[in-house]
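Structure at a glance
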Amino acid sequence: MILKESSYGAGLDMHEPLIFEQGNTGRIGVDLPDTKLDTIRLGKCKIRNTIGLPDLSEPQVIRHYTRISRNNYSIDTGFYPLGSCSMKHNPRLNEKIARLPGLKDIHPFQPISSVQGALELIYNLQEWLKELTGMPFVSICPAAGAHGELCGLLSIKASLNNKGLERSIVLIPESAHGTNPASASFCGYTTDKIEEDSFGRINLVSLENKLDENVAAVMVTNPNTCGVFEKDILEISKRVHEAGAYLYCDGANFNALVGKIKPADLGIDAMHINLHKTFSTPHGGGGPGAGPTVLSEELAQYAPIPHVIFTKNKYDIIENINSSRNSLGRMRAFHCQMGTFIRALTFCLSHGKDGLKKVSEISVLNANYVKSRISKSIKPSYKLNCMHECLFDDSFLRGSGITTLDFAKALIDEGFHPPTMYFPLVVKGAMLIEPTESENKETLDLFCNSFIRLVDQIKSGNKDIFLNAPQYSPWKRLDEAKAARNLNLRWNKTT
Amino acid sequence: MRYLPHNDEAISRMLSEIGVSEVDELFSDVPSKALKNVKFNLPNHMSELEVERYMKNLTKNNLVASEIPFFIGGGAYQHHIPSAVDHIIQRGEFLTSYTPYQAEISQGTLQSLYEFQTQVSMITGMEIANASMYDGSTASAEAVLMAGRITKKNKIVITEAVHPQWIETIKTFINPIGMKLLKIKKKEPGKFEDNFGEICGNIDKDTACVVIQIPDFFGSVGSYTDISKKCNEYGALLIVCVTEVLSLGLLNPPGKFGADIVVCEGQSLGVGLSFGGPYVGLFSTHKKYVRYMPGRIVGQTSDKNGKRGWVLTLNTREQHIRREKATSNICTNAGLCALAFSIHLSLLGETGFKKLAVVNHERANFLYDALLLVKNISLLNDSFFNEFVISLPSSSKDFVEHACRKGIMAGLPVERLFFSLPNSKNMLLIAATELNTDNDIKKLVKLFKDYF
């Protein structure tokens with residue numbers, strides 16, 4: 001036990017040692033039978049020695065994790081306007097449904113006849129996603145957004161191969177998520193940038209100049225990460241298709257459009273949907289997510305396996321690569337992110353088409369309200385109305401000696417999770433604010449008041465509250481350079 | 001609608017602040033063609049009660065694993081999950097936060113991931129681990145890509161005894177970048193070292209990595225030091241896959257056998273079956289390869305006052321910094337499943353982890369011994385942990401469906417995943433865990449006796 005000294009003065013401030021520092025031997029948090037092995041059938045494999053794991057009782061474990069949980073900011077505890085992440089409320093009904101034994105406690109390799117309900121659920125979700133996007137096919141395989149990008153790009157690659165076309169370039173605007181170019185590289189493509197116009201949108205001239213017979217696909221995010229709708233999207237789609245390339249849409253920002261328009265009407269060929277964003281499956285400190293990917297009629301034949309079909313009055317799953325001839329293959333084992341599907345479908349049913357339309361409308365209303373209020377104090381990066389998120393940059397900080405990072409940390413002292421910082425890369429010192437549809441006016445006002453108050457502090461030359469921030473968080477500014485310099489990635493008995 | 005925040009007054013005040021008269025004006029950049037006349041053939045919103053009724057009704061058409069004698073494994077295993085796990089992962093602080101970009105207010109997630117990395121390193125017997133991948137299969141594919149980056153070679157030697165869906169996943173990931181997969185046939189399923197000679201014979205100076213699995217897809221276990229020696233000789237990396245992570249409580253870990261990268265499916269601890277996902281991929285390797293590793297990594301540091309704390313580190317490997325040159329495109333991972341895994345392993349501790357592994361081996365032994373007495377079926381394994389393959393006189397699929405009608409999940413017909421193996425039609429893969437009682441096993445054995 002590491003707590004050698006009294007922690008007098010700590011109060012409710014949680015100083016919790018590592019679980020390895022609280023361990024001992026000869027305890028257990030799970031009761032198990034005392035089993036003696038009469039026979040050991042491990043072949044030439046030896047039985048292992050000491051692992052080094054600590055022994056603890058259940059109350060210790062509960063207390064450990066409860067204590068460290070209190071060091072996390074979360075949607076449940078406050079406003080979390082992290083741009084491009086759609087940190088909206090996570091309904092608890094979704095958790096309850098996902099834990100029904102008939103959904104949680106089934107194995108992917110049970111006979112098909114014994115999982116008809118589970119397949120029906122996936123099928124229904126497929127139908128919802130198709131209807132909401134207007135696209136004819138959805139692949140449920142991808143485990144997250146980036147995995148969905150891979151699914152879309154590999155389908156495009158398969159289609160080009162099938163046509164005997166060797167195209168090696170994917171065009172991506174500078175404002176795109178980092179996953180876009182990373183996914184393109186994963187598929188063996190080289191990437192090239194499309195420049196933006198003065199409103200943060202794709203520059204049509206730049207696009208036109210780079211579109212040639214070497215371009216396989218153009219990846220757009222719409223609305224883009226500047227919070228602006230690509231209003232020339234139909235023209236972009238037309239030119240991309242005329243050049244024989246495909247239009248991939250990053251659906252991370254689908255929250256601005258869900259229930260309002262069908263992305264199919266924007267002329268796209270493929271788009272992933274982050275269920276953990278638009279459809280509110282919990283972000284869980286980094287995951288899991290799911291990235292079902294909708295595909296055009298032409299690309300559908302190349303979709304990965306598995307997918308769920310309804311035929312002869314029963315549900316079935318296509319999981320054999322040999323029965324799906326043009327399929328690009330398998331992107332992961334089993335039938336994908338069922339737990340996420342359950343929560344997403346619950347979200348869809350709870351909202352209905354009327355509620356989903358309000359989701360996009362309110363998220364856009366909220367972002368514009370925040371933008372309008374803050375714009376009275378500092379200039380937004382782009383003047384236009386925004387969609388579901390709004391972008392500011394560090395031009396108001398110039399000459400103050402304060403960085404976007406300092407400003408963000410000061411927002412922590414005001415009680416808020418900072419917006420996404422330094423992204424997108426098209427403006428300097430970006431701050432991307434996405435309030436989502438979950439937040440009421442009172443919360444937005446509190447946030448805007450704090451933001452504006454901090455800007456006033458900058459204007460009056462008060463540096464300390466920024467350089468010393470955060471002061472009211474359980475940890476003060478953490479040294480990231482030290483972490484990278486003296487790599488310590490695990491606990492060791494000697495550390 | 002219960003999740004939406006505004007009353008009419010708030011909306012009109014907000015609209016007037018923005019300077020528009022209605023919300024639709026904010027969508028003025030959207031092509032009118034797309035905005036007008038859009039119709040969704042979908043129902044309107046439902047109350048909690050209505051949704052619950054609808055979903056419960058769906059579940060009636062599923063046979064629940066925990067309510068019947070259950071023997072299916074094949075890469076996903078039914079284990080008992082202590083109640084504390086589900087309680088903790090539902091705390092809003094864990095459930096409703098995201099990637100810990102703001103370290104000062106994310107120490108809960110960061111500390112738990114640092115502990116997770118330590119646990120994964122310990123059980124696999126490796127130096128370091130990352131903060132999780134989507135699942136075991138995608139982790140194996142990432143491992144192969146990493147081996148390609150390290151060795152700058154492109155030949156992969158893989159045994160057919162690796163989970164077939166993992167092999168298919170690897171294929172999908174390597175196809176576009178020109179790595180080549182050499183699959184070594186399995187002649188005798190259930191014999192661990194069966195094709196090791198041929199594997200060793202195919203390792204050469206062009207080999208980036210060799211991929212094996214333990215326990216292998218057919219459940220057998222053993223030693224693979226010969227392969228690791230040969231890998232060393234040619235500078236190829238040895239990637240070891242583990243689909244049943246609980247086996248690491250009993251078997252000498254891959255780190256002791258000379259593995260360079262170990263990838264595991266972590267589902268057995270804390271996560272549950274959930275019809276195949278979300279699961280959690282474990283990824284561990286040597287410290288010298290850390291800069292080649294995919295995924296998030298948490299490192300220890302201190303704050304301004306010298307207090308120990310944790311941050312995401314080595315971000316320059318990752319897509320949000322490095323973009324097209326990143327080691328992986330992964331962003332969202334398996335955070336909450338990694339937490340569930342960690343909590344379960346913390347509850348078990350050294351004592352419990354080993355004990356649970358022993359119970360599993362004992363249960364499988366009990367089942368194996370009982371099946372030895374059944375005429376007409378043959379047991380193919382020379383070794384196993386908690387799963388093995390048997391050969392039936394006729395189609396294993398027919399038998400499984402017969403058993404299903406009788407309320408028993410008898411196992412996994414090998415032909416559901418293996419399309420090319422001779423005689424796979426009659427092979428059945430059976431797993432036993434701590435959840436299988438003597439009575440369950442007796443019921444299954446009786447079913448075999450009655451059927452054949």
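Given the structure is predicted, the values throughout are model-derived calculations rather than measurements. (Residues numbered from 1 in each chain as written. Chains lettered and ligands numbered in written order. Predicted model: local features only at pLDDT ≥ 70, side-chain atom pairs only at ≥ 80, totals over all residues.)

1. Regarding the overall build of chain B
Applicable threshold: Each helix corresponds to a stretch of at least 4 residues labelled H or I by DSSP, and each strand to a stretch of at least 2 residues labelled E; elements are numbered beginning at the N terminus. Working definition of burial: number of other C-beta atoms within 10 Å of the residue's own, with buried at 20 or more, exposed at 12 or fewer, and partly exposed in between, all C-beta atoms being placed from the backbone. Note on contacts: residues are paired as contacts if their backbone-placed C-beta atoms lie within 7 Å.
The helix and strand inventory of chain B stands at 14 helices and 13 strands. Here chain B, with 452 residues, has 61% of them falling under the buried criterion. Of all intrachain contacts in chain B linking residues separated by at least 6 positions in sequence, the fraction that spans at least 24 positions is 73%.

2. A few points about the sheet that holds strand β10 (residues 378-379) of chain B
Residues and elements named next belong to chain B. This is how the line gets drawn: In this analysis, strands are considered paired if DSSP registers two or more bridges between them. Geometry is summarised by axes, namely lines fitted to C-alpha atoms with helices restricted to the contacting stretch, and by angles between N-to-C directions that run from 0 to 180 degrees.
A sheet is described by the order of its strands in space; here four strands give the open sequence β10-β11-β13-β12, paired in antiparallel fashion. With one partner strand each, in any of the chains shown, β10 and β12 (412-413) form the two edges of the open sheet. Summarising the sheet, strand β11 (residues 387-391) and strand β13 (residues 427-431) pair through five bridges and their orientation is antiparallel. Bridge pairing in β13 places Val-389 opposite Leu-429. The strands touched by helix α12 (residues 335-372) are β10, β11 and β13; relative to β11, the strand with the most contacts, the crossing angle is about 15°.

3. So, the domain arrangement of chain A
It is common to give the size of an interface as the accessible area lost on bringing the parts into contact. The cut-off we apply is this: What marks off one domain from the next here is an automatic or database domain assignment.
Its domain assignment divides chain A into domain 1 (1-71), domain 2 (93-348) and domain 3 (354-481). Computed over C-alpha atoms, the centres of domain 1 of chain A and domain 2 of chain A are 41 Å apart.

4. Considerations on the interface of chain B and chain A
Convention followed: Each residue receives one of three labels: charged for Asp, Glu, Lys and Arg, nonpolar for Ala, Val, Leu, Ile, Met, Phe, Trp, Tyr, Cys and Pro, and polar for the others, Gly being one of them.
Taken residue by residue, the interface counts 166 residues in chain B and 172 residues in chain A. Sort the elements by how many residues they give to the side of chain B that touches chain A and α12 of chain B lands first, with 21 residues. Each residue belonging to the side of chain B that touches chain A can be placed in one class, and the counts come to 78 nonpolar, 62 polar and 26 charged.

5. Here we look at the domain arrangement of chain B
All names here are of chain B. Each assigned domain of chain B is listed here: domain 1 (76-80 + 350-451) and domain 2 (83-344). The centre of domain 1, based on its C-alpha atoms, is set 27 Å off from the matching centre of domain 2. Listing elements by their share of the side of domain 1 that touches domain 2, those giving two or more residues are α12, β11 and β13. Split into classes, the residues belonging to the side of domain 1 that touches domain 2 amount to 16 nonpolar, seven polar and three charged.

6. Focus: unusual backbone geometry
Omega for the peptide link from Ile-305 of chain A to Pro-306 of chain A comes to 5°, which places this bond in the cis form. Mapped onto the elements, Pro-306 of chain A comes out in the loop between α9 (297-300) and β8 (307-311). In this structure, the amide linkage connecting Phe-423 of chain A to the following residue, Pro-424 of chain A, adopts the cis form with an omega of 0°. Here Pro-424 of chain A is to be found in the loop between β11 (420-421) and β12 (431-433). The phi torsion at Ser-280 of chain A lies on the positive side, around 65°, for a residue other than glycine. Tracing the backbone shows Ser-280 of chain A in the loop between β6 (270-272) and β7 (293-295). Phi at Leu-314 of chain B is positive, roughly 55°, even though this residue is not glycine. Its 20 C-beta neighbours within 10 Å are what place Leu-314 of chain B among the buried residues.

7. Comments concerning helix α6 (residues 179-186) of chain A
Of all the eight residues making up α6 of chain A, eight are buried; the element is thus mostly covered by neighbouring parts of the structure. Thr-179, Asn-180, Pro-181, Ala-182, Ser-183, Ala-184, Ser-185 and Phe-186 of chain A are the residues of α6 of chain A that are buried. Those residues of α6 of chain A that are buried are in contact with α5 (145-162), β2 (169-173), β3 (190-194), β4 (215-221) and β5 (246-250) of chain A together with α11 (319-322) of chain B. Following α6 of chain A by one or two positions, Gly-188 of chain A adopts a phi angle in the positive range, close to 85°.

8. Points about the packing of helix α10 (residues 338-375) of chain A against helix α3 (residues 48-59) of chain B
Heads up, the condition is: Any angle that is under 35 degrees is reported as roughly parallel, and any over 145 degrees as roughly antiparallel; angles of 65 to 115 degrees are reported as roughly perpendicular and all others as oblique. Handedness of each helix crossing follows the sense of rotation of the near helix against the far helix: counterclockwise by less than a right angle gives left-handed, clockwise gives right-handed.
Running from N to C, α10 of chain A and α3 of chain B cross one another at 140°; their axes reach a closest spacing of 9 Å. Judged by the inter-axis angle, α10 of chain A sits oblique to α3 of chain B. Note that α10 of chain A runs across α3 of chain B; the crossing there is right-handed. The residues of α3 of chain B that touch α10 of chain A, namely those facing Thr-346, Leu-349 and Ser-350 of chain A, are Val-51, Tyr-54 and Met-55 of chain B.

9. Here's the deal with the sheet that holds strand β10 (residues 390-392) of chain A
Adjacent strands of a sheet form backbone hydrogen bonds with each other and so pair up, either parallel or antiparallel. All names here are of chain A. In spatial order, the strands read β10-β12-β11; together these three strands make up an open sheet with antiparallel pairing. At either end of the open sheet lies a strand with only one pairing partner, and these are β10 and β11. Bridge count between β10 and β12: three bridges; the pairing is antiparallel. Residue pairing in the sheet places Phe-392 in a bridge with Met-431 of β12.

10. Here's the deal with the confidence of the model for chain B
The criterion, for reference: Confidence of the predictor in every single residue is expressed as pLDDT, which spans 0 to 100.
Per-residue confidence for chain B gives a mean pLDDT of 96, with 100% of residues at or over 70. In the model output, the complex is listed with pTM 0.97 alongside ipTM 0.97.

11. Comments concerning the pairing of strand β9 (residues 314-318) of chain A
Residues and elements named next belong to chain A. Sheet analysis places β8 next to β9, joined by five bridges and oriented antiparallel. Bridging across to β9, Thr-311 finds its partner in Lys-314. A loop of two residues connects β8 with β9, the two strands running antiparallel in sequence, and Lys-312 in this loop sits at a positive phi of about 50°.

12. A word on the pairing of β3 of chain A
All names here are of chain A. We apply this condition: By the criterion used throughout, a crossover qualifies as right-handed when its path from the first strand across the helix to the second strand runs clockwise, the strands pointing away from the viewer.
The pairing of β2 with β3 spans five bridges and is parallel. Looking across to β3, one finds that Val-170 is bridged to Thr-191. What joins β2 to β3 is α6, and the crossover it makes is right-handed.

13. Considering the environment of Gly-355 of chain A
Looking at where Gly-355 of chain A falls in the secondary structure, it is placed in helix α10. The exposure class assigned to Gly-355 of chain A is buried, which follows from the 21 C-beta atoms found within 10 Å. Each C-alpha atom, one on Gly-355 of chain A and one on Gly-83 of chain A, is 22 Å from the other, the two residues being 272 residues apart in sequence. When sequence neighbours within four positions are dropped, the list of residues in contact with Gly-355 of chain A reads Ser-350 of chain A together with Met-1 and His-45 of chain B.

14. Points about the environment of Glu-127 of chain A
By secondary structure assignment, the location of Glu-127 of chain A is in helix α4 (residues 116-133). Spatially, the C-alpha atoms of Glu-127 of chain A and Leu-411 of chain A are 42 Å apart, while their sequence positions differ by 284 residues.

15. What about helix α8 (residues 164-174) of chain B?
Given 3.6 residues per turn, any residue in an α-helix points the same way as the ones three and four places further on. Burial analysis of α8 of chain B places ten of its eleven residues in the buried class, the great majority of the element. Every buried residue of α8 of chain B is accounted for by Pro-164, Gln-165, Trp-166, Ile-167, Glu-168, Thr-169, Ile-170, Lys-171, Thr-172 and Phe-173 of chain B.

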